[in-house]
Amino acid sequence: MKIENGVFVVTGGASGLGAGTARMIVEAGGRVVLADLQREAGEALARELGTVQACFVETDVSNEESAKAAIDAAVSGFGGLNGLINCAGIAPAEKVIGKDNAIHRLATFQKVINVNLVGTFNMIRLAADAMSRNAPYGKRGIHGATAFGNDNTLKNLNPFAGAFDNFNIDIYGIPNLEVGSLVGNFLHCLIFNCLN
Ligand SMILES: NC(=O)c1ccc[n+]([C@@H]2O[C@H](COP(=O)([O-])OP(=O)(O)OC[C@H]3O[C@@H](n4cnc5c(N)ncnc54)[C@H](O)[C@@H]3O)[C@@H](O)[C@H]2O)c1
């Protein structure tokens, strides 16, 4: 995919994988909406990347209105949306039965599901809606990728097939694959999930 002049929403863009992906997109001439809970870090990165090419939107991916505001910021602020990179996620560690016989808190598990699973789907559906309105150029489709992809990835993305001219899924089953090398292969519209 051509990154130059493309517009991308990067969830979890204030830190880690998301921040690295955002830097790479801007270096390649694209523009990014950093959608993250962390205002201070997100705004600092947006300043570093430059206000013409980046903006921060305080976003909770698991909240419908908040997620929509991030997608809307791309469309209204940068003129459209060409890609979504889902890096927002949490991974709190608890044992099912801990040292002092403490039971894994159900609330912790529910929060992980809400952010990592529900939040990712929430972003995908809203981004798919925005991207389905793009004027077609060349090959238009979905590129689904996960570092630890399997057949379920394909099944999970199938509901989105109808919204696009072409529906292309590549599954990368290679652990530790560089995010940057994946982004270079993207098609016109893409949905990329760092979570697994
Ligand atoms: N780093 C790795 O090698 C690796 C490997 C496999 C999976 N992962 C997973 O990928 C994801 C990103 O990893 P990372 O290393 O960049 O982590 P990270 O903690 O550096 O970044 C995650 C970002 O997501 C944001 N976030 C958390 N909840 C959010 C929410 N509800 N809405 C919006 N933003 C939210 C955080 O504020 C943070 O900036 C995590 O879920 C992680 O478990 C990471």
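Here's a quick rundown of the structure. For clarity, every value in this text was computed on a predicted model and none was experimentally measured.

### Describing the overall build of the chain
Inference 1: The helix and strand tally for the chain stands at six helices and seven strands.
Inference 2: The linear arrangement of helices and strands in the chain, starting from the amino end, is β-α-β-α-β-α-β-α-β-α-β-α-β.
Inference 3: Taken across its 196 residues, the chain has 41% of its residues classed as buried.

### A word on the environment of Ala74
Inference 1: Within the fold, Ala74 resides in helix α3 (residues 64-78).
Inference 2: Other than its neighbours up to four places away in sequence, Ala74 contacts Val7, Val9, Val33 and Leu81.

### Some details on the pairing of strand β2 (residues 31-36)
Inference 1: By the criterion of burial, β2 is predominantly enclosed, with six of the six residues buried.
Inference 2: Of the two faces of β2, the one carrying Arg31, Val33 and Ala35 and the one carrying Val32, Leu34 and Asp36 are both buried.
Inference 3: Inspection of the sheet shows strand β1 (residues 7-11) paired to β2 by five bridges, in the parallel sense. Residue Thr11 lies in a different strand from β2, and its bridge partner there is Ala35.
Inference 4: Summarising the sheet, β2 and strand β3 (residues 54-58) pair through five bridges and their orientation is parallel. Note on β3: the bridge partner recorded for Asp36 is Glu58.
Inference 5: For the crossover from β2 across helix α2 (residues 39-49) to β3, the handedness is right-handed.

### Quick notes on the site of the ligand
Inference 1: In the vicinity of the ligand lie 25 residues, with Gly12, Ser15, Gly16, Ala88 and Gly89 positioned nearest.
Inference 2: Counting only elements with at least two residues in the shell around the ligand, the list comes to α1 (16-27) and α4 (106-131).

### A look at α3
Inference 1: Taking 1.5 Å of rise per residue, 15 residues should cover 21 Å, and α3 covers 21 Å from first to last C-alpha, within 8% of that figure.
Inference 2: All buried positions along α3 are accounted for by Ala67, Ala70, Ile71, Ala73, Ala74 and Phe78.
Inference 3: Contacts from the buried residues of α3 go to β1, β2, β3 and α4.
Inference 4: Just downstream of α3, Gly79 is the residue with a positive phi angle, here 90°.

Definitions and limits used
- Residues numbered from 1 in each chain as written.
- Predicted model: local features only at pLDDT ≥ 70, side-chain atom pairs only at ≥ 80, totals over all residues.
- Helix = DSSP H or I, 4+ residues; strand = E, 2+ residues; numbered from the N terminus.
- Buried ≥ 20, exposed ≤ 12 C-beta atoms within 10 Å, placed from the backbone.
- Contact = placed C-beta atoms within 7 Å.
- Pairing = 2+ DSSP bridges.
- Right-handed = clockwise from strand over helix to strand, strands pointing away.
- Near = placed C-beta within 6 Å.
- Expected span 1.5 Å × (residues − 1).

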